[in-house]
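Each chain, written out:
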Amino acid sequence: MTDPLLSVRDLAVEVSTRRGPARVVDGVSFHIGRGEALGVVGESGCGKSITTLALLGLLPPGARVAGGSARMEGKDLLTLSRRALREVRGGRIGMIFQDPMTSFNPVLKIGDQLIEPLIYHRGMLRREAWARAGELLRLVGIPGGASRLDNYPHELSGGMRQRVMIAMGLACEPPLLIADEPTTALDVTIQAQIVDLVKDLRARLGMSIIWITHDLALVSGLVDRVIVLYAGKIVEEAPVDDLYARPTHPYTQGLLASLPTLEGEETRRLPAIGGTPPDPGRRPAGCPFAPRCPLRVARCESEMPPLVAVAGGPHRAACWVNAKPQELAA
Ligand SMILES: Nc1ncnc2c1ncn2[C@@H]1O[C@H](COP(=O)(O)OP(=O)(O)O)[C@@H](O)[C@H]1O
Ligand SMILES: [Mg+2]
């Protein structure tokens, strides 16, 4: 692809554990085009959040970048100073997280929180920023628009708070929006509304999106392409329709088989597969999925399969059995 907006190469993140450092993100490479929406899926604990937090310079204490690069707009995000990263966050990359209640300051009016990025990144005067904040509330479909600027976060419903969070993420019209399971705490009807809202905003504003989720069905109408993470590695990547039509990695097949029903039944835990991901620090030598994999052969336990093209397309998977990298090597 020509000139991706963000290009991540060989990202590695280590956390300290009682048994020493463990890689929780291991050799992750992906790119995202301008205006493209990328889904990042996988079970809880597989490294989705840590991957994006590393890009934003927001890793939790005890975690550190152990290698790789993340180029965006001519800079490597992984080597920026704290000050430069503050400019990127909010200014070039907007963020929406799962729980607006912990992301908002409970004692500040919504308006005062919305104007902050506009003043900091855009150098707006307070009055100008307040007017823009009102427009943003209308943009994200908050009934009453500007009149809600005087509300405190607890005065809004969860769905409305999440809309305000989106308004905040988009305040400076950043070229990239990162959404980390932003609807998980909401009921299914509201979840669908939030996804539709972001779809609509994307069509109007043209930003690129990284949407992290464990629920692929929820975002299948929003994202163009999907990467599937397992134990800190990409095990499959494909245009979203290809992934549905031909899931190739047994893990992806299991994920798709365990999608919640449309009626909103709770997500089941991979009934097709069973078991849980390995603890960081106790990951097997070969494919990390091998211990749970119904198709494993001897080689899977000793050697990690490379990510290779499936059927010649942009669809890639890392599996000795289903992706046949041995044929390429022959
Ligand atoms: N602050 C931390 N210290 C140590 N390990 C962590 C920390 N945060 C996350 N981890 C570990 O890193 C791995 C990836 O976590 P995370 O990216 O949060 O997963 P996901 O977002 O896919 O649910 C998990 O195994 C988790 O236990
Ligand atoms: Mg997470």
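Please refer to the structure placed before this passage.
Rules used throughout
Residues numbered from 1 in each chain as written. Chains lettered and ligands numbered in written order. Predicted model: local features only at pLDDT ≥ 70, side-chain atom pairs only at ≥ 80, totals over all residues. Heavy atoms only, no water. Helix = DSSP H or I, 4+ residues; strand = E, 2+ residues; numbered from the N terminus. Rg over C-alpha atoms; globule rule 2.2 N^0.38 Å. Buried < 20%, exposed > 50% of the residue type's maximum accessible area, 1.4 Å probe, protein only. Contact = heavy atoms within 4.5 Å. Lys, Arg positive; Asp, Glu negative; His and termini not counted. Charge placed at Lys NZ, Arg CZ, Asp CG, Glu CD. Axes fitted to C-alpha atoms, helices over the stretch in contact; angles between N-to-C directions. Parallel < 35°, antiparallel > 145°, perpendicular 65-115°, else oblique. Nonpolar A, V, L, I, M, F, W, Y, C, P; charged D, E, K, R; others polar. Phe/Tyr/Trp six-rings, centres within 6.5 Å; stacked < 30°, edge-to-face > 60°. Lys NZ or Arg CZ within 6 Å of the ring centre and 35° of its normal. Pairing = 2+ DSSP bridges. Near = heavy atom within 4 Å. Polar contact = N/O pair within 3.5 Å; in protein donor to acceptor, adjacent residues only side chain to side chain. Areas by Shrake-Rupley, 256 points an atom, 1.4 Å probe, with all protein chains shown as cover. Salt bridge = Lys/Arg side-chain N within 4 Å of Asp/Glu carboxyl O. Expected span 1.5 Å × (residues − 1).

(A) Broad picture of the overall build of the protein chain. Scanning the protein chain from N- to C-terminus turns up twelve helices and twelve strands. The globule rule puts the C-alpha radius of gyration for 330 residues at 20 Å, and the 20 Å found for the protein chain is close to it. With the C-alpha coordinates of the protein chain rotated into their principal frame, the extents come out at 65 × 45 × 45 Å. The burial tally for the protein chain puts 51% of its 330 residues in the buried class. For the protein chain, long-range pairs separated by at least 24 residues make up 62% of all intrachain contacts whose partners lie at least 6 apart in sequence. A distance of 5 Å separates the average location of the 38 positive side-chain charges in the protein chain from that of its 35 negative side-chain charges.

(B) Structural view of the packing of helix 4 (residues 110-122) against helix 6 (residues 158-170). The interhelical angle for the contact between helix 4 and helix 6, taken along N-to-C directions, is 25°, at an axis separation of 8 Å. On the basis of the axis angle, helix 4 is roughly parallel to helix 6. Across the interface between the two elements, Ile110, Gln113, Leu114 and Pro117 from helix 4 touch Val164, Ala167 and Met168 from helix 6. For the contact of helix 4 with helix 6, the class distribution of residues is six nonpolar, one polar and no charged.

(C) Expanded view of the packing of aromatic side chains. Evaluation of the coordinates by the stated rule reveals three aromatic pairs. Taking NZ or CZ as reference, Arg299 lies 3.6 Å from the ring centre of Trp320, over its face.

(D) Here's a closer look at the pairing of strand 9 (residues 225-230). Across the six residues of strand 9, six count as buried, placing the element largely inside the fold. Neither face of strand 9 is left uncovered, since the one carrying Arg225, Ile227 and Leu229 and the one carrying Val226, Val228 and Tyr230 both have all their residues buried. In terms of strand pairing, strand 9 meets strand 10 (residues 233-239) through six bridges, oriented antiparallel. Of the residues in strand 10, the one forming a bridge with Ile227 is Glu237. Here strand 9 folds back onto strand 10, and the loop between the two strands holds two residues, one of which, Ala231, carries a positive phi near 50°.

(E) Inspection of the site of ligand 1 at higher detail. Around ligand 1, 13 residues are found, and the nearest of them are Gly45, Gly47, Lys48, Ser49 and Ile50. Interatomic distance of 3.2 Å between a backbone N/O atom of Cys46 and an oxygen atom of ligand 1. The contact in question runs from an oxygen atom of ligand 1 to an N or O atom on the side chain of Ser49, over 2.8 Å. The fraction of the free accessible surface of ligand 1 (550 Å²) that becomes covered by protein chains is 69%. Split by residue class, the shell around ligand 1 holds seven nonpolar, four polar and two charged.

(F) Just the side chain of Glu236, in detail. Along the chain, the position of Glu236 falls in strand 10. Notably, Glu236 is buried but unbridged: the nearest opposite-charge side chain belongs to Arg246, and the N-O separation is 8.3 Å. A polar contact of 2.6 Å, which involves the side chain of Glu236, links it to the side chain of His315.

(G) How the structure looks around helix 6. For helix 6, built from 13 residues, the straight-helix expectation of 18 Å at 1.5 Å per residue is met to within 8% by its first-to-last C-alpha distance of 18 Å. Burial runs high along helix 6: ten of the 13 residues are buried. Within helix 6, burial applies to Gly159, Arg161, Gln162, Arg163, Val164, Met165, Ile166, Ala167, Gly169 and Leu170.

(H) How the structure looks around the sheet that holds strand 3 (residues 37-41). Taken together, eight strands build an open sheet; the order of strands is 6-7-8-3-9-10-12-11 and the sheet is mixed. The open sheet is flanked by strand 6 (93-96) and strand 11 (308-309), the only strands paired with a single partner. In the sheet, strand 11 pairs with strand 12 (residues 316-317) via two bridges, with the strands oriented antiparallel. Within the sheet, the bridge partner assigned to Val308 lies in strand 12 and is Ala317. In the packing of helix 6 onto the sheet, contacts are made with strand 6 and strand 7 (176-180), and the angle to strand 6 comes to roughly 170°.

(I) Representation of the pairing of strand 10. Counting buried residues in strand 10 gives six out of seven residues, a clear majority hidden from the surface. The pairing of strand 10 with strand 12 spans two bridges and is classified as antiparallel. In the strand pairing of strand 12, Glu237 is matched with Arg316.

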